[in-house]
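The chain contents come next:
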Amino acid sequence: MQNFTQRPILVIGGGTFLGNSIIAALLLEGVEVATIVRPDAEAKLGVLHNQVRVLLGDVFEPASLRGRARGYSTAINAVGSLTANPQRGLTHHRLNFVSIRNICAMCISDGVSHLIYMSSTSAPWLGRGYIRAKRDAEAHIRRVGLQGTIIRAPLTYAHGEFRPPFFEWMTLLGSIPLIKQIRMKRIAPMPIETLARGVARVALLEGRRKPIYYASDLRKLVKRDERTTPLIPESSWGVSDDTPPNRRGVYVPQTSLNDDDAPFGWIPPSES
């Protein structure tokens, strides 16, 4: 039997599709949550705003992170981006490595002993530059001596929302229970509800954790009937029934499959 702890947890990257989902999953576990939010993204917490402690900070500005993680032993990083724009200075290295370098420095100075890093599994539809930056970030966490838990997550989607047929097919292949499909189970897109609940339960585990968790590991932590159950009931959204789901304020209105913005975190200011 696995034991869980309910110490307060810090989520870095509130106000994003992934960050809000993880926050909601932690709240469902009865955990006290704080989140670091970019100053101009506070409103994107939606109905979660009054349920968490909000700390303003920018992961690309180290000075703004000083003291933000003090008092938390576990932090979850939900900042990153699939989309780069080198013409604006927004390379995969800057978006996915520089941010974690600043977060690690904050964790070390503030006494955070355990950092959960939302990385990515390698898949043919993901760019090499993006995966390389994620692996460099993983190596940096190990190099600085933090106790790190790596989540090599696949692409995610909100259950019930439209997805391109290709990704629908990949998810279907990943559900076939054949030994030869074990690789596909790691890379097939999965519901954000499953990912967020799995990450929340990894954060709450006491004792020995695996150094790297894949999609199949997260599914084992989530009951079948929870895997597509909304993280926040519609009755708590406080909006009309005809409001589109991606505008109800629960998640950032974007998906991590084909959005042009930053699906996991936030874009830093461009450098002139």
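In the block above lies the structure referred to throughout.
It should be emphasised that the depicted structure is a prediction, and the values quoted were computed from it without experimental measurement.

Thresholds applied
- Counting restarts for each chain, with residues numbered from 1 along the sequence as it is written.
- Given that this is a predicted model, residues contribute local features only at a pLDDT of at least 70 and side-chain atom pairs are listed and counted only at 80 or more, while totals for whole chains, interfaces and linings are drawn from all residues.
- Water and hydrogen atoms were dropped before computing side-chain values, which therefore reflect all heavy atoms in the structure.
- We count a stretch as a helix when DSSP gives it H or I for four or more residues in a row; a strand needs E for two or more, and each element gets its number in order from the N terminus.
- What a helix should span is 1.5 Å times the count of its residues minus one.
- Two strands qualify as a pair provided that DSSP identifies no fewer than 2 bridges between them.
- A contact between two residues is defined here by any heavy atoms of the two lying within 4.5 Å.
- To obtain an axis, a line is fitted to C-alpha atoms, over the contacting stretch when the element is a helix, and the angle between two such axes runs from 0 to 180 degrees between their N-to-C directions.
- Within 6.5 Å between ring centres, the rings of Phe, Tyr and Trp (the latter by its six-membered ring) count as paired, and their orientation is classed by plane angle as stacked under 30 degrees, edge-to-face over 60, tilted in between.
- Here, over-ring charges are defined by two tests on the NZ atom of lysine or the CZ atom of arginine: distance to the ring centre within 6 Å, and angle to the ring normal within 35 degrees.
- Any carboxyl oxygen of Asp or Glu within 4 Å of a side-chain nitrogen of Lys or Arg constitutes a salt bridge here.
- Three labels apply to residues, based on accessible area from a 1.4 Å probe with only protein chains included: buried if under 20% of the type maximum, exposed if over 50%, partly exposed otherwise in between.

**Details of helix α3 (residues 128-143)**
Logical step 1: Here α3 is 16 residues long and its end C-alpha atoms lie 22 Å apart, about the 22 Å a rise of 1.5 Å per residue gives.
Logical step 2: Downstream of α3 by a residue or two, G145 has a phi angle that is positive, lying close to 90 degrees.

**A look at the sheet that holds strand β2 (residues 33-37)**
Strands in a sheet are paired, the pairing made by backbone hydrogen bonds, and the direction either parallel or antiparallel.
Logical step 1: Across the sheet, seven strands lie side by side as β3-β2-β1-β4-β5-β6-β9; this open sheet has parallel pairing. Here the strands that pair on one side only, and so sit at the sheet edges, are β3 (53-56) and β9 (212-213).
Logical step 2: The pairing of strand β1 (residues 9-12) with β2 spans four bridges and is classified as parallel. Along β2, the bridge assignment pairs I12 with I36.
Logical step 3: Along the sheet, α3 contacts β5 (114-120) and β6 (147-153); its crossing angle with β5, the most-contacted strand, is approximately 165 degrees.

**Looking at the packing of aromatic side chains**
Logical step 1: Overall, the coordinates contain zero aromatic pairs when judged by the stated rule.
Logical step 2: Here the guanidinium or amino end of R186 rests over the ring plane of Y214, the centre of that ring lying 3.7 Å away.
Logical step 3: In this structure, K210 is placed above the aromatic ring of Y213, and the distance from its NZ or CZ to the ring centre is 5.9 Å.

**Digging into the pattern of salt bridges**
Logical step 1: Tallied over the full model, the rule gives seven salt bridges.
Logical step 2: We note a salt bridge from R201 to E29, for which the minimum N-O separation is 2.6 Å. One end of the pair, R201, is in helix α6 (residues 192-204); the other, E29, is in the loop between α1 (17-28) and β2, with 172 residues separating them in the sequence.
Logical step 3: In this structure E29 comes out as partly exposed when scored by relative accessible area, which is 22%.
Logical step 4: Residue E138 pairs with R152 through a salt bridge whose shortest N-O separation is 2.7 Å. A residue pair is termed long-range when its members are at least 10 positions apart, and E138 in helix α3 and R152 in strand β6 qualify at 14 residues. Like R152, E138 is buried.
Logical step 5: A single network of salt bridges, built from pairs that share partners, joins E29, R201 and E226.

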